[in-house]
Amino acid sequence: MNYFYGALVYAHVVSAVLAIGPLFLLLPIIKRLRRSELPYESAYLSIIYVTVRLVMHAGHVLVGTGVLLVLLGPWPWYTSWVIATLIVLLISGFFLATGFSKVLKSYYLSSNNKEVILTRLQRTCWIYIVLMLVMLWLMVQKPVLW
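Residues numbered from 1 in each chain as written. Predicted model: local features only at pLDDT ≥ 70, side-chain atom pairs only at ≥ 80, totals over all residues. Heavy atoms only, no water.

Engineer: Any chance you could break down the overall build of the protein chain for me, citing the residues and the numbers?
Structural biologist: Within the protein chain, the regular secondary structure consists of four helices and zero strands. Counting from the amino terminus, helix and strand elements in the protein chain follow one another as α-α-α-α. Projected onto its principal axes, the C-alpha positions of the protein chain cover 55 × 30 × 20 Å. Sequence separation of at least 24 residues holds for 78% of the intrachain contacts in the protein chain that already meet a minimum separation of 6. Only carbon and sulfur atoms are counted for the fraction: they give 72% of the accessible area of the protein chain, which is about 8900 Å². (Helix = DSSP H or I, 4+ residues; strand = E, 2+ residues; numbered from the N terminus. Contact = heavy atoms within 4.5 Å. Areas by Shrake-Rupley, 256 points an atom, 1.4 Å probe, with all protein chains shown as cover.)

Engineer: Please provide a residue-by-residue account of the nonpolar core, values included.
Structural biologist: Residues Leu23, Leu26, Ile48, Phe100, Leu121 and Tyr128 are the most contacted members of the largest nonpolar core, which totals 38 residues. Listed by contribution, the elements that provide at least two residues to this core are helix H1 (2–35), helix H2 (38–72), helix H3 (80–107) and helix H4 (114–141). The dominant element in this core, judged by the number of residues it contributes, is H4, at eleven residues. Once you skip the residues sitting within four places of it in the chain, Leu26 turns out to touch Ile48, Thr51, Val52, Phe100 and Cys125. (Core = buried A, V, L, I, M, F, W, Y, C linked by side-chain atoms within 4.5 Å. Buried < 20%, exposed > 50% of the residue type's maximum accessible area, 1.4 Å probe, protein only.)

Engineer: Any details on unusual backbone geometry? Residues and values, ideally.
Structural biologist: Outside of glycine, negative phi angles account for most residues, and trans bonds account for most peptide bonds. Phi is positive for Lys142, which is not a glycine, with a value near 50°. Among the secondary structure elements, Lys142 is positioned in the segment after H4.

Engineer: Go over the packing of H1 against H2 with me, naming the residues and quoting the values.
Structural biologist: In contact at an axis separation of 8 Å, H1 and H2 are set at 155° when each is read in the N-to-C sense. Taken together, H1 and H2 sit at an angle that is classed as roughly antiparallel. As H1 packs across H2, the resulting crossing turns out to be left-handed. A breakdown of the residues in the contact of H1 with H2 according to their chemical character gives 27 nonpolar, six polar and two charged. (Axes fitted to C-alpha atoms, helices over the stretch in contact; angles between N-to-C directions. Parallel < 35°, antiparallel > 145°, perpendicular 65-115°, else oblique. Left-handed = near helix turned anticlockwise from the far one by under 90°. Nonpolar A, V, L, I, M, F, W, Y, C, P; charged D, E, K, R; others polar.)

Okay, here's the thing in structure tokens:
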């Protein structure tokens, strides 16, 4: 059981890295997309789509291993940091599901200003990074909030 719990912690940490790390790669890609010519736009947008999908799937593993760690670990569900993490998780899950897809879908509409859309995409990226870092802080620090 001890090795299984250790393997779960390892999978949880790796999935946390995969859920946060690729988002930092989006920032220079968005910067290049601002200056790119039309033939290269689809390549940059493909990288953004793949990155968002990777983050999404890593988030699924992160949630699954997190549930197992709470079930098998010494912390009960009613611990303040677990509840706070779940609240931030729900906010970030909703945000990831709606924030990136709406912005990326509106990119190809000719009526929209691409500069405004890219600014919104960059802001969405930073907001999601902050949400993920708050969750990471809650999981590592395990503060007593109430």
